[in-house]
Amino acid sequence: MKTRNPVDDARAIQDWIVQLRRQLHRFPELMYEEVKTSQLVRQTLDGLEIPYQYPLAETGVLATLGDGQGPCVALRADMDALPIQELADVPFRSEHAGKMHACGHDCHTAMLLGAARLLKEREHEIHGTVKLLFQPAEEGGAGGKRMREDGALKKPDVQRIFGLHVWPQLPVGAIGSRPGVFLAAAGFLEMTVHGRGGHAAMPHLAVDPVVAAAKIITELQTIVSRELDPLHSGVVSITQVHAGEAYNVIPEAVHLRGTVRALSMETLRQIQKRVGEIADHVATANRCRADTTFPGNDYPPTVNDPHCWSFAQKVAAELIGAEQIHEAPAVMGGEDFAFYTEQVPGCFVALGVRNEAQGAVYSVHHPQFKVDENALPLGAALHVAFALESLKELA
Ligand code: NI
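The structure displayed is predicted, hence computed values, not measured ones. (Residues numbered from 1 in each chain as written. Predicted model: local features only at pLDDT ≥ 70, side-chain atom pairs only at ≥ 80, totals over all residues. Heavy atoms only, no water.)

Draft legend 1. Expanded view of the coordination of the nickel ion. Note on the nickel ion: its protein donors are Cys103 (SG), His105 (NE2) and His165 (NE2). The metal-donor distances range over 2.2 to 2.3 Å. The sequence pattern formed by the donor residues of the nickel ion is C-x1-H-x59-H. Of this pair, Cys103 sits in the loop between strand 3 (72–78) and helix 4 (105–121) while His165 is found in strand 5 (residues 160–171), placing the two residues 62 residues apart along the sequence. Given a relative accessible area of 5%, His165 falls into the buried group. (Donors = N, O, S within 2.8 Å, 3.2 Å for Na, K, Ca; no water. Helix = DSSP H or I, 4+ residues; strand = E, 2+ residues; numbered from the N terminus. Buried < 20%, exposed > 50% of the residue type's maximum accessible area, 1.4 Å probe, protein only.)

Draft legend 2. Layout of the domain arrangement of the protein chain. Here the domain parsing of the protein chain yields domain 1 (6–183 + 301–394) and domain 2 (185–293). Between the C-alpha centres of domain 1 and domain 2 the distance comes to 37 Å. Taken together, the contacts link 7 residues of domain 1 with 11 residues of domain 2. With both sides pooled, the region where domain 1 packs onto domain 2 buries about 630 Å², and carbon together with sulfur makes up 75% of that total. For the interface between domain 1 and domain 2, the tally reads 0 salt bridges. Scanning the region where domain 1 abuts domain 2 turns up 1 residue pair in polar contact (both at pLDDT 80 or more). Residue assignment for the side of domain 1 that touches domain 2 shows that the elements contributing at least two residues are strand 7 (180–194) and strand 15 (331–334). Counting residues per element, the side of domain 1 that touches domain 2 draws most heavily on strand 15, at 3 residues. Class assignment of the residues belonging to the side of domain 1 that touches domain 2 gives a composition of 4 nonpolar, 3 polar and no charged. (Domains from an automatic or database assignment. Contact = heavy atoms within 4.5 Å. Buried area = accessible area lost by both parts, 1.4 Å probe. Salt bridge = Lys/Arg side-chain N within 4 Å of Asp/Glu carboxyl O. Polar contact = N/O pair within 3.5 Å; in protein donor to acceptor, adjacent residues only side chain to side chain. Nonpolar A, V, L, I, M, F, W, Y, C, P; charged D, E, K, R; others polar.)

Draft legend 3. Spatial organisation of the packing of helix 2 (residues 14–26) against helix 10 (residues 375–394). It is at 9 Å that the axes of helix 2 and helix 10 come closest, and there the two elements cross at 105°. In this view, helix 2 runs roughly perpendicular relative to helix 10, as classed from their interaxial angle. Residues Gln14, Ile17, Val18 and Arg21 of helix 2 form the contact with helix 10, whose own contacting residues are Leu376, Pro377 and Ala380. A breakdown of the residues in the contact of helix 2 with helix 10 according to their chemical character gives 5 nonpolar, 1 polar and 1 charged. (Axes fitted to C-alpha atoms, helices over the stretch in contact; angles between N-to-C directions. Parallel < 35°, antiparallel > 145°, perpendicular 65-115°, else oblique.)

Draft legend 4. Spotlight on the pattern of salt bridges. In this structure the tally under the stated criterion is 22 salt bridges. Of the charged contacts in the structure, one is a salt bridge between Arg26 and Glu95, with a shortest N-O distance of 3.2 Å. Highlighted residues: Arg26 in helix 2 and Glu95 in the loop between strand 3 and helix 4, separated in sequence by 69 residues. Judged by its relative accessible area of 29%, Arg26 is partly exposed. With its nearest N and O atoms 3.1 Å apart, the salt bridge here joins Asp291 to Arg289. Connected via shared salt-bridge partners are Arg21, Arg22, Asp106 and Glu373.

Right under this line is the structure:
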């Protein structure tokens, strides 16, 4: 019997996948508000006669194919968009003002639905279970953690998980990943520097939190440059500074927000500890007080199981050719796929979407972010092959 190439099968339904993606792109929804998105996922699964559990993690959907027994492999897509006003020149531009699928989660959802359709056609070949995870709130809401808590990795126990992410650094047709840490541990920080307001002409009668905050921001930059091992990686970025309403008034307080990143939880905790200490002491030296909080939902690093990545390379080589597979450098972006690979072996794979001729050159989270949609059937085919070949290997 001739083995079927999932890429040919996926190309045959490319228009269907692209149409789903564009529909999702038009109506982006932010974290834990993926109501219409989740509805479209469920309607599509209903149409394909694929059973699912709903809701997990508020808006999440867990679809199941196969006999409900082990071995069990999971494939994951995220569904949420970003608070960005879209500026891309596409005919299916976002119709929700101030919201945009700028991280390609519309593509991820459509590709996984494509895989669902292809796997349904081949369900007789599934000896075991394939779980499809459509999760909310990847962009800072730890939706993956909630899916995990709601049992997405249990009954039957998931033994291996794969996720794909559109990757503008790689050309369409290519994929990339790496063994070990691929994406960073990441967390947010909030800080209030309290002083005492007053007339700007009489600073001696006030305690100026603006000057103290400026010193804190500068001083925080020595954590990475002077305290971390130069061979380790870390980031401290202050991204929001809010204070004051008038030209001539020293404000009571300054509010700061930002993010910290590292390649291990240990380093992340070390950076967080030092952020608090430095803020405290610099504030005190300037007669102010700093309250630093870390709002939680810190993402662990996304760690690829080395075997899962070499397995993925072997499977992908059959589909797209070995020359299209790249070892990608680790990046300091965070990704909540990490919550799954904390518990089960897996691999997060970057899917090339770059195409200069189409203007698909902008990074994710950019208002002009665009993808070459020819990548979508490849993603669906990779999902299918990762699942079916894993079941054979785990049998
Ligand atoms: Ni993303």
